[in-house]
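Examining the three-dimensional arrangement
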Amino acid sequence: SQQGEEDPQALSIQEGENATMNCSYKTSINNLQWYRQNSGRGLVHLILIRSNEREKHSGRLRVTLDTSKKSSSLLITASRAADTASYFCATATPSSGTYKYIFGTGTRLKVLA
Amino acid sequence: NAGVTQTPKFQVLKTGQSMTLQCAQDMNHNSMYWYRQDPGMGLRLIYYSASEGTTDKGEVPNGYNVSRLNKREFSLRLESAAPSQTSVYFCASSGLYEYGYTFGSGTRLTVV
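A brief structural summary. If you're wondering where the values come from, they're calculated on a predicted model, not measured in any experiment.

1. A closer look at the side chain of A:Ser86
- Residue placement: A:Ser86 occurs in strand E9 (residues 85–95).
- Ignoring any residue separated from it by four or fewer positions in sequence, one finds A:Ser86 in contact with A:Tyr35, A:Arg36, A:Gln37, A:Thr107 and A:Arg108.

Right, here's the structure in full:
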């Protein structure tokens, strides 16, 4: 079963607006990461937040993590048409000497010019 | 360019045929992974390998086998393809977890 569930499943906004997407997960994690996938391509790593962190920023990205609620949010500020993509959260748990990453079902973001 | 290379990019198989998907990385990463992506399902982990010589099952291992040939290469084999295995397959590798995965560009597999 999926570890992470993103919502909304799809989001359509105007260029310049902010986009917020949420991720909920089920078990304890070591860290949570967000990835972007452009249509038909592989995923690209955006940002990582550790389980002992509550908020992290990278450029126009802001990620929060609430381990008590097992949830995270990704905020993209001042969105651009180039941000149109699917966004996935991935939770990392230690396993067999490495980390096992379980992905959510994704949020499809469309930014209208 | 450094990264993860998957071959082939596209493949059509008949039910019951076998094939091997190849993956190679040149970043000296220890860990490698195979995922499948289906519409509305996100990515599901098939198998992973923490290091050369070790492999472990993920969420959906049935119908697949893997080989970690050396540190660079991690192959995925379908012994008897089924239509339910129609999907896009992604290979990924990771070194320090800080930087997350590096993904290949995917193999689009259709089983008819």
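2. Some points on the environment of B:Val112
All names here are of chain B.
- Here Val 112 shows up in the segment after strand E11 (107–111).
- Val 112 gets classed as exposed once you look at its relative accessible area, which sits at 56%.
- In sequence terms Val 112 and Lys 71 are 41 residues apart; their C-alpha atoms lie 34 Å from each other.
- For Val 112, the contacting residues outside a window of four places in its chain are Val 12, Leu 13, Lys 14 and Thr 15.

3. Considering the environment of A:His57
Residues and elements named next belong to chain A.
- By secondary structure assignment, the location of His 57 is in strand E6 (residues 55–58).
- By relative accessible area, His 57 is classed as exposed at 51%.
- Sequence spacing of His 57 and Glu 5 is 52 residues, and the spatial spacing of their C-alpha atoms is 22 Å.
- When sequence neighbours within four positions are dropped, the list of residues in contact with His 57 reads Ile 47 and Arg 62.
- One polar contact links His 57 to Glu 55, side chain to side chain, over a distance of 2.7 Å.

4. A closer look at the state of the cysteines
All names here are of chain B.
- In total, this model carries 2 disulfides over all chains according to the counting rule given.
- Bridging Cys 23 to Cys 91, the disulfide has an S-S length of 1.9 Å. Between Cys 23 and Cys 91, the S-S torsion sits near -75 degrees, and that sign places the bridge as left-handed. Residue Cys 23 is found in strand E3 (residues 19–25), and its partner Cys 91 is found in strand E9 (residues 87–94); the two are separated by 68 residues along the sequence. This pair shows no difference in class: Cys 23 is buried, exactly as Cys 91 is.

5. Topic: the pairing of strand E11 (residues 107–112) of chain A
Residues and elements named next belong to chain A.
- In E11, alternate side chains face the same way, and those of Thr 107, Leu 109 and Val 111 are buried while those of Arg 108, Lys 110 and Leu 112 on the opposite face are not.
- Inspection of the sheet shows strand E2 (residues 10–14) paired to E11 by 5 bridges, in the parallel sense. Bridged to Ala 10 within E11 is Arg 108.
- As paired elements, E9 and E11 share 3 bridges and run antiparallel to each other. Directly across from Tyr 87, in E11, lies its bridge partner Thr 107.

6. Quick look at the nonpolar core
- Counting residues in hydrophobic clusters, the biggest one holds 21 residues, and the most contacted among them are A:Met21, A:Leu32, A:Trp34, A:Leu74, A:Ile76, A:Tyr87 and A:Leu109.
- For this core, the secondary structure elements donating two or more residues are strand E3 (19–24), strand E4 (31–37), strand E5 (43–50), strand E7 (61–66), strand E8 (71–76), E9 and E11 of chain A.
- Apart from the residues within four sequence positions on either side, A:Leu109 is in contact with A:Leu11, A:Ile13, A:Ala19, A:Met21, A:Ile76, A:Asp83, A:Thr84, A:Ala85 and A:Tyr87.
- If you look at the next biggest cluster of nonpolar residues, it comprises 19 residues, including B:Trp34, B:Ile46, B:Tyr47 and B:Cys91.

Quick notes on the rules
Residues numbered from 1 in each chain as written. Chains lettered and ligands numbered in written order. Predicted model: local features only at pLDDT ≥ 70, side-chain atom pairs only at ≥ 80, totals over all residues. Heavy atoms only, no water. Helix = DSSP H or I, 4+ residues; strand = E, 2+ residues; numbered from the N terminus. Contact = heavy atoms within 4.5 Å. Buried < 20%, exposed > 50% of the residue type's maximum accessible area, 1.4 Å probe, protein only. Polar contact = N/O pair within 3.5 Å; in protein donor to acceptor, adjacent residues only side chain to side chain. Disulfide = S-S within 2.5 Å. Pairing = 2+ DSSP bridges. Core = buried A, V, L, I, M, F, W, Y, C linked by side-chain atoms within 4.5 Å.

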